Amino acid sequence: MTNLVSPELSFHDGNSIPQLGYGVWKVEDDVATDVVVQAFAAGYRHIDTARIYGNEEGVGRAIAATDVPREDMFITTKVWNADQGYESTLSAFDASMERLGLEYLDLYLIHWLQPKQGKYVDTWKALIELQKSGRVKSIGVCNFTVEALAELEEATGVLPVINQVETHPYFPQTELREFEASKGILHQSWSPLGQGSELLADPALVAIAEKHNATVAQVVIAWHLALGNVVIPKSVTPSRIVENHAGLGVTLDESDIAAINALDKGAAGRIAADPAVSDFA
Ligand SMILES: NC(=O)c1ccc[n+]([C@@H]2O[C@H](COP(=O)([O-])OP(=O)(O)OC[C@H]3O[C@@H](n4cnc5c(N)ncnc54)[C@H](OP(=O)(O)O)[C@@H]3O)[C@@H](O)[C@H]2O)c1
């Protein structure tokens, strides 16, 4: 446990989100309980899960087991592609809340755009209704393009508070982030460590880490924080859960940030699917 406390970033709907959170993609349900309890103990208060991760029950058990008060937590889950559409999203939300064991949710997100499926506007209308009911405090999206964000605004007059998208030094999403900032939408980085791949061995990052007596993962987390991104690194390794949280204590200078910004590989930096065209069940 560090004494570090995550900054809170304000949403345009009046609520706020801890800037550093803990993601649980690819964490088995029975493992999720243990690691989320460890994450709370390390100081995280923001947990990012999803229906498709298959671990909402495990996360719910951790929420029930920890002595962190519910009002100090920030819990996110997401509506899966197969559940998109107005009525099916309302049902999917009920099922997620049942698995999580929660009375209210802090943030509900559309998981993918799914442009060929073409149900995201109806899905968004369901999220608006859920927010009006008070069962979810804030609503947002993942993997949305500039065009799709604009379409939601035009169709409903309501913009997401956040867009959660693949973002790391090799793929920093500069244009999307600029558009979001112009609309008051926060940017959330998924796979912020590049999924722990070659990014963490990058010589430029290793040099900055040595300069700050920090690890490369901590430097990358500090870069996301400095840019104003909400960041949700995942680890099931106890020492890394603590290490990543301690990234809050690393302060980069302007030359570090410029050097990290220069690692942008353009489209070649993307690891996962392109939301503008991907369409999967
Ligand atoms: N909305 C979406 O479509 C979407 C898509 C992908 C992810 N996400 C969210 O974003 C979260 C984070 O993304 P991610 O899980 O894809 O990738 P990530 O956080 O970039 O990287 C996780 C990988 O890095 C390793 N790692 C973590 N900390 C490390 C450290 N300090 N040193 C070295 N290796 C480290 C982890 O290994 P160990 O676990 O073995 O320690 C794991 O293999 C997810 O868990 C999920 O909540 C959302």
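Throughout what follows, the structure given in this document is the object of discussion. Nothing here was measured: the structure is a model prediction, and the numbers come from that model. (Residues numbered from 1 in each chain as written. Predicted model: local features only at pLDDT ≥ 70, side-chain atom pairs only at ≥ 80, totals over all residues. Heavy atoms only, no water.)

## Describing the site of the ligand
Around the ligand sit 28 residues in total, of which D48, S191, L193, S235 and T237 are the nearest. Here H111 contributes a side-chain N or O atom positioned 3.4 Å from an oxygen atom of the ligand. T237 places a polar side-chain atom, nitrogen or oxygen, 2.6 Å from an oxygen atom of the ligand. Look at the ligand: alone it shows 900 Å² of surface, and the protein chains cover 88% of it. Ranked by residue count, the leading element in the shell around the ligand is helix α9 (residues 238-245), at 3 residues. Per-class residue counts for the shell around the ligand are 13 nonpolar, 11 polar and 4 charged. (Near = heavy atom within 4 Å. Polar contact = N/O pair within 3.5 Å; in protein donor to acceptor, adjacent residues only side chain to side chain. Areas by Shrake-Rupley, 256 points an atom, 1.4 Å probe, with all protein chains shown as cover. Helix = DSSP H or I, 4+ residues; strand = E, 2+ residues; numbered from the N terminus. Nonpolar A, V, L, I, M, F, W, Y, C, P; charged D, E, K, R; others polar.)

## Digging into the packing of helix α1 (residues 29-42) against α9
Close contact between α1 and α9 brings their axes to 10 Å; oriented N to C, the two are set at 35°. For the crossing formed where α1 meets α9, the hand is right-handed. Every residue of α9 that contacts α1 at V35, Q38, A39 and A42 is listed here: P238, I241, V242 and H245. For the contact of α1 with α9, the per-class residue count stands at 6 nonpolar, 2 polar and no charged. (Axes fitted to C-alpha atoms, helices over the stretch in contact; angles between N-to-C directions. Left-handed = near helix turned anticlockwise from the far one by under 90°. Contact = heavy atoms within 4.5 Å.)

## Considering the nonpolar core
A general feature of soluble globular proteins is that nonpolar side chains tend to end up buried together. Formed by 71 residues in total, the largest nonpolar core has its most connected members in Y22, L105, Y108, F144 and L252. Ranked by residues supplied to this core, first place goes to helix α8 (residues 216-227) with 8 residues. Excluding anything up to four places from it in sequence, Y22 contacts V35, V36, A39, Y44, H46, I47, D48, I232, P233, S235, V236 and I241. With 11 residues, the next largest nonpolar core counts F11, I17, F74 and I162 among its residues. (Core = buried A, V, L, I, M, F, W, Y, C linked by side-chain atoms within 4.5 Å. Buried < 20%, exposed > 50% of the residue type's maximum accessible area, 1.4 Å probe, protein only.)

## Comments concerning unusual backbone geometry
Unlike most non-glycine residues, Q173 shows phi in positive territory, near 60°. Relative to the assigned elements, Q173 resides in the loop between β8 (162-166) and α6 (174-183). Residue class for Q173 comes out buried when judged on its relative accessible area of 14%. Here Q195, not a glycine, exhibits a phi torsion of approximately 60°, which is positive.

## Overview of the pairing of strand β5 (residues 74-79)
Extensive coverage of β5 is indicated by the burial of 6 of its 6 residues. Sheet topology places strand β4 (residues 46-48) next to β5; 3 bridges connect them, and they run parallel. Its bridge partner lying in β5, H46 is registered against F74. By the bridge criterion, 4 bridges tie β5 to strand β6 (residues 105-110) in an arrangement that is parallel. (Pairing = 2+ DSSP bridges.)

## So, the sheet that holds β8
Here 8 strands make up an open sheet; going across it, the order is β3-β4-β5-β6-β7-β8-β9-β10 and the pairing parallel. A single partner strand is all that each edge strand has here, and the edge strands are β3 (22-23) and β10 (230-231). Helix-sheet contacts for α6 involve β8 and β9 (186-190), and the interaxial angle to β9 is about 150°.

## Digging into the pairing of β8
Within β8, 5 of the 5 residues are buried, which leaves the element mostly enclosed by the surrounding structure. The pairing of strand β7 (residues 136-142) with β8 spans 2 bridges and is parallel. Bridge pairing in β8 places C142 opposite Q164. Between the parallel elements β7 and β8, the chain passes through helix α5 (residues 146-156) in a crossover that is right-handed. The sheet contact formed by β8 and β9 spans 5 bridges and is parallel. In the strand pairing of β9, I162 is matched with L186. Taking the sense of rotation as the criterion, the β-α-β connection linking β8, α6 and β9 turns out right-handed. (Right-handed = clockwise from strand over helix to strand, strands pointing away.)

## With respect to helix α2 (residues 56-65)
Along α2, the residues that are buried comprise E56, G58, V59, G60, A62 and I63. Where the residues of α2 are buried, they touch α1, β4, β5 and α3 (86-100).

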